[in-house]
Amino acid sequence: MEVLRATGMMGVLIFLVIVARMDARTARIPNGLLLAGILFVLFFVGMMEQNSGLPETVVGCAATGEARPAYVYFVRQRLLGLVGVSGFLLCLTLFRPGAFGGGDVKLTALTGFLLGWRLSWYAFAVSVFSAGVYVLWKLLRKEVDRSSQIPFGPFLCLGTAGVLVFLYLYSIWNCVL
């Protein structure tokens, strides 16, 4: 089972690299790429569930009519992650048009579902901090000015990848000790 999780983690990281490169080059995140990511993340989240028997799956809950409290908590955390940071970005974009692109909002919804609501805020904080450092560096080198726009998707991918790698290494460290 651990090999499947590691393989899934590598798949998610490869997906994040593809999204980051696409957004850095074109300043767009295509919907088709996000749809593929949604399908993969749904599969990966299912693999990450600790109790992976039939009653803990969506199909199992629908077939048996029962939902265990751990599964309900797991789904609630994922759904809150889906709307947490992405809802915040959407509100910012509605109040200040052009603040974030639609692809950024959809990407944060995807990564929020992947990470859950608490970890998605950590990933967002890492994203904002890394984007801030990058923009400050660009400003000091006079490559951009205050009115320039930069794609935020690569930083969202960096924050998400950072949180995922940290969690994975932390879980390995705890298993060793």
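Residues numbered from 1 in each chain as written. Predicted model: local features only at pLDDT ≥ 70, side-chain atom pairs only at ≥ 80, totals over all residues. Heavy atoms only, no water.

A. Highlighting the nonpolar core. By size, the foremost hydrophobic cluster in this structure holds 33 residues, and its most contacted members are Leu16, Val19, Leu107, Leu114, Phe152 and Leu164. Looking at which element gives the most residues to this core, the answer is helix H1 (residues 2–26), with seven residues. If we skip the residues at most four places from it in the chain, phenylalanine 152 touches Asp23, Phe100, Asp104, Phe124, Ser127, Val128 and Ala131. (Core = buried A, V, L, I, M, F, W, Y, C linked by side-chain atoms within 4.5 Å. Buried < 20%, exposed > 50% of the residue type's maximum accessible area, 1.4 Å probe, protein only. Helix = DSSP H or I, 4+ residues; strand = E, 2+ residues; numbered from the N terminus. Contact = heavy atoms within 4.5 Å.)

B. Just unusual backbone geometry, in detail. Unusually for a residue other than glycine, alanine 27 sits at a positive phi of about 60°. If you trace the backbone, alanine 27 turns up in the loop between H1 and helix H2 (31–48). Of note in this structure, lysine 142 is not a glycine but carries a positive phi near 60°. Along the chain, lysine 142 falls in the loop between helix H6 (117–140) and helix H7 (153–176). What makes lysine 142 exposed here is its relative accessible area of 73%.

C. View of empty space enclosed by the protein. Summed over the entire model, instances satisfying the criterion amount to one cavity of 30 Å³ or more. Contributing to the lining of the largest cavity are Val85, Thr108, Thr111, Ser120, Ala123, Phe124, Ser127, Leu156 and Thr160. Residue assignment for the lining of the largest cavity shows that the elements contributing at least two residues are helix H5 (102–115), H6 and H7. With four residues, the single largest contributor to the lining of the largest cavity is H6. Class assignment for the residues of the lining of the largest cavity results in four nonpolar, five polar and no charged. (1 Å grid on protein atoms, 1.4 Å probe; cavity = no way out; pocket = protein on both sides within 12 Å on 5 of 7 lines; lining within 4 Å. Points joined across faces, edges and corners; volume = space filled by probe spheres on them. Nonpolar A, V, L, I, M, F, W, Y, C, P; charged D, E, K, R; others polar.)

D. Local environment of H1. The terminal C-alpha atoms of H1 lie 36 Å apart, and with 25 residues this matches the ideal 36 Å at 1.5 Å per residue to within 8%. Of the positions making up H1, those classed as buried are Arg5, Gly8, Met9, Val12, Leu13, Phe15, Leu16, Val19, Ala20 and Asp23. (Expected span 1.5 Å × (residues − 1).)

E. Focus on the packing of aromatic side chains. The full count for this structure, using the stated rule, is eight aromatic pairs. Pairing phenylalanine 124 with phenylalanine 152 gives two aromatic rings, centres 6.4 Å apart and planes at 80°, and the pair type is edge-to-face. Remark: phenylalanine 152 occurs in the loop between H6 and H7 and phenylalanine 124 occurs in helix H6; sequence separation between them is 28 residues. A relative accessible area of 11% means that phenylalanine 124 is categorised as buried. Pairwise contacts between aromatic rings join Phe88, Phe100, Trp121, Phe124, Tyr134, Trp137, Phe152 and Phe155 into one cluster. (Phe/Tyr/Trp six-rings, centres within 6.5 Å; stacked < 30°, edge-to-face > 60°.)

F. H6, seen in detail. Compared with an ideal rise of 1.5 Å per residue, which puts 24 residues at 34 Å, H6 spans 35 Å between its outermost C-alpha atoms and is within 8% of the ideal. Every buried residue belonging to H6 is among Ser120, Ala123, Phe124, Ser127, Ser130, Ala131 and Lys138, and all of these are buried. Just past H6, the residue lysine 142 takes up positive phi, approximately 60°.

G. Representation of a nonpolar patch on the surface. There is a patch of nonpolar side chains on the surface, built from Leu79, Leu80, Leu82, Val83, Phe88, Leu92, Trp117 and Trp121 and spanning about 660 Å² of accessible area. Sorting the residues of the nonpolar patch by element identifies helix H4 (69–95) and H6 as the ones contributing at least two each. In terms of residue count, the dominant contributor to the nonpolar patch is H4 (six residues). Along the polypeptide, phenylalanine 88 turns up in helix H4. (Patch = residues over 30% accessible without salt bridge, like charges linked within 9 Å, V, L, I, M, F, W, Y side chains within 5 Å. Areas by Shrake-Rupley, 256 points an atom, 1.4 Å probe, with all protein chains shown as cover. Salt bridge = Lys/Arg side-chain N within 4 Å of Asp/Glu carboxyl O.)

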